[in-house]
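Chain residues, written in single-letter form:
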There are 2 protein chains.
Amino acid sequence: VTEAEQFDDRERRTWFSFLTMQEDLRRHINRQLLKDSGLSLADFSVLSGLSQHPHGSLRVFELVDLLRWERTRLMHQVSRMESRGLLERRPTEEDSRGSRVALTEQGWKAVRSAAPQHLRDVRRTFFDALSPRQVDMLAALSEAVLESIREQEAEEHGKTVR
Amino acid sequence: VTEAEQFDDRERRTWFSFLTMQEDLRRHINRQLLKDSGLSLADFSVLSGLSQHPHGSLRVFELVDLLRWERTRLMHQVSRMESRGLLERRPTEEDSRGSRVALTEQGWKAVRSAAPQHLRDVRRTFFDALSPRQVDMLAALSEAVLESIREQEAEEHGKTVR
């Protein structure tokens, strides 16, 4: 490991505290959500994503785009939620790009009943700890990192195709 | 859901882009690491944490403190890495607080060989996308959120004990 490859103290502190924070935050929010509503953060993300679309329904590829999970992971998650009665899959006839995933009545009830306390928890743990400037900067910073990941993945994809 | 419980647009944008960014970043870095060295980010975190301590060894509770994972998750991870020859567990005689976890020679080789490219990837994807001010602010912000989680967990623990 040469000097140039190492992190300086500031970088090490940032990387380590960022990794720890996001692990702890997910764990904490996930535990609160499970305790209050029996839903995991993954369950809630799917339900909440669907609930913001007409009829609580999206095509699978749209849900992949929205949540940005690996497709395999999403499909496992959807199957588990289907067997718990929270979602249903409906084949689409008009289009070959796969089935739709839709909230069931029970899914709607679950997301509506979980959302208020979950949003209070996120506010209390996350937003209340940050200044308005930090909130804005975090959004900008997150988008910069996302852009950087997208560029690199496009580049790697280019390499593979060539 | 009352007005006060909802997120405003700025909060929604921040929370959503933050969740997406940390999911994508983990996935991207994990994939690079697996491709280049056959290690997952979880493997690397354990190896790298141990390598920064004398003799590449820590007691289990020290490793829990360092990584801040759930103990059960850590123990599964350690068992898998032990069966791959990267770690070994050594009973401690002097103290009842559980065994030590130590890097094997193969574990040392794995972390030394993976680190340079991994650090380059993190630099390229993460630090190169951020300004020095954003790096500093992210460290401060991460520590503020961690502090907020710790306070809440202490409070909940207090409630349980009472």
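Residues numbered from 1 in each chain as written. Chains lettered and ligands numbered in written order. Predicted model: local features only at pLDDT ≥ 70, side-chain atom pairs only at ≥ 80, totals over all residues. Heavy atoms only, no water.

## Topic: the relation of the copies chain B and chain A
Of the two same-sequence chains, chain B is brought onto chain A (RMSD 0.0 Å, axial shift 0.0 Å) by a rotation of 180 degrees. Taken together, the rotation angle and the small translation identify this as a two-fold axis. An overlap of 100% is found between the interface residues of chain B and their copies at the interface of chain A, pointing to a shared contact surface. (Least-squares fit on C-alpha atoms with pLDDT ≥ 70 in both. Contact = heavy atoms within 4.5 Å.)

## Quick word on the pairing of strand β3 (residues 100-103) of chain B
Residues and elements named next belong to chain B. Note that strand β1 (residues 57-59) and β3 share 3 bridges and pair antiparallel. Its bridge partner being in β3, S57 is matched across the sheet by A102. The pairing of strand β2 (residues 87-90) with β3 spans 4 bridges and is antiparallel. The residue of β3 that forms the bridge with R89 is V101. (Pairing = 2+ DSSP bridges. Helix = DSSP H or I, 4+ residues; strand = E, 2+ residues; numbered from the N terminus.)

## Observations regarding the sheet that holds β2 of chain B
All names here are of chain B. Strands sit in the order β1-β3-β2 across an open sheet of 3 strands; the sheet is antiparallel. Whereas interior strands pair on both sides, the edge strands pair on one side only; in this sheet they are β1 and β2. Across the sheet, the axes of successive neighbouring strands diverge by a mean angle of 25 degrees, strand direction being ignored. Here helix α3 (residues 60-67) sits on the sheet and contacts β1 and β3; the angle it forms with β1, its principal contact strand, is near 95 degrees. (Axes fitted to C-alpha atoms, helices over the stretch in contact; angles between N-to-C directions.)

## A word on the environment of L130 of chain A
Relative to the helices and strands, L130 of chain A is located in the loop between α5 (105-125) and α6 (132-161). Of the residues examined, L130 of chain A reaches a relative accessible area of 10% and is grouped as buried. L130 of chain A has contacts with V135 of chain A together with L141 and V145 of chain B, leaving out every residue within four places of it along the chain. (Buried < 20%, exposed > 50% of the residue type's maximum accessible area, 1.4 Å probe, protein only.)

## Thoughts on the nonpolar core
F126 of chain A together with F126 of chain B are the most contacted members of the largest nonpolar core, which totals 88 residues. Discounting chain neighbours no more than four positions away, the residues touching F126 of chain A are L25, D121 and L138 of chain A together with W15, F18 and V145 of chain B. (Core = buried A, V, L, I, M, F, W, Y, C linked by side-chain atoms within 4.5 Å.)

## Some points on helix α2 (residues 41-51) of chain A
Buried residues dominate α2 of chain A, accounting for 9 of its 11 residues. Of all the residues in α2 of chain A, the buried ones are L41, A42, D43, F44, V46, L47, S48, G49 and L50 of chain A.

## Section: the sheet that holds strand β3 (residues 100-103) of chain A
Residues and elements named next belong to chain A. Here 3 strands make up an open sheet; going across it, the order is β1-β3-β2 and the pairing antiparallel. Both outer strands of the open sheet, β1 (57-59) and β2 (87-90), are each paired with one neighbouring strand and no more. Each strand axis lies, on average, 25 degrees off the axis of its neighbour in the sheet, ignoring direction. Helix-sheet contacts for helix α3 (residues 60-67) involve β1 and β3, and the interaxial angle to β1 is about 95 degrees.

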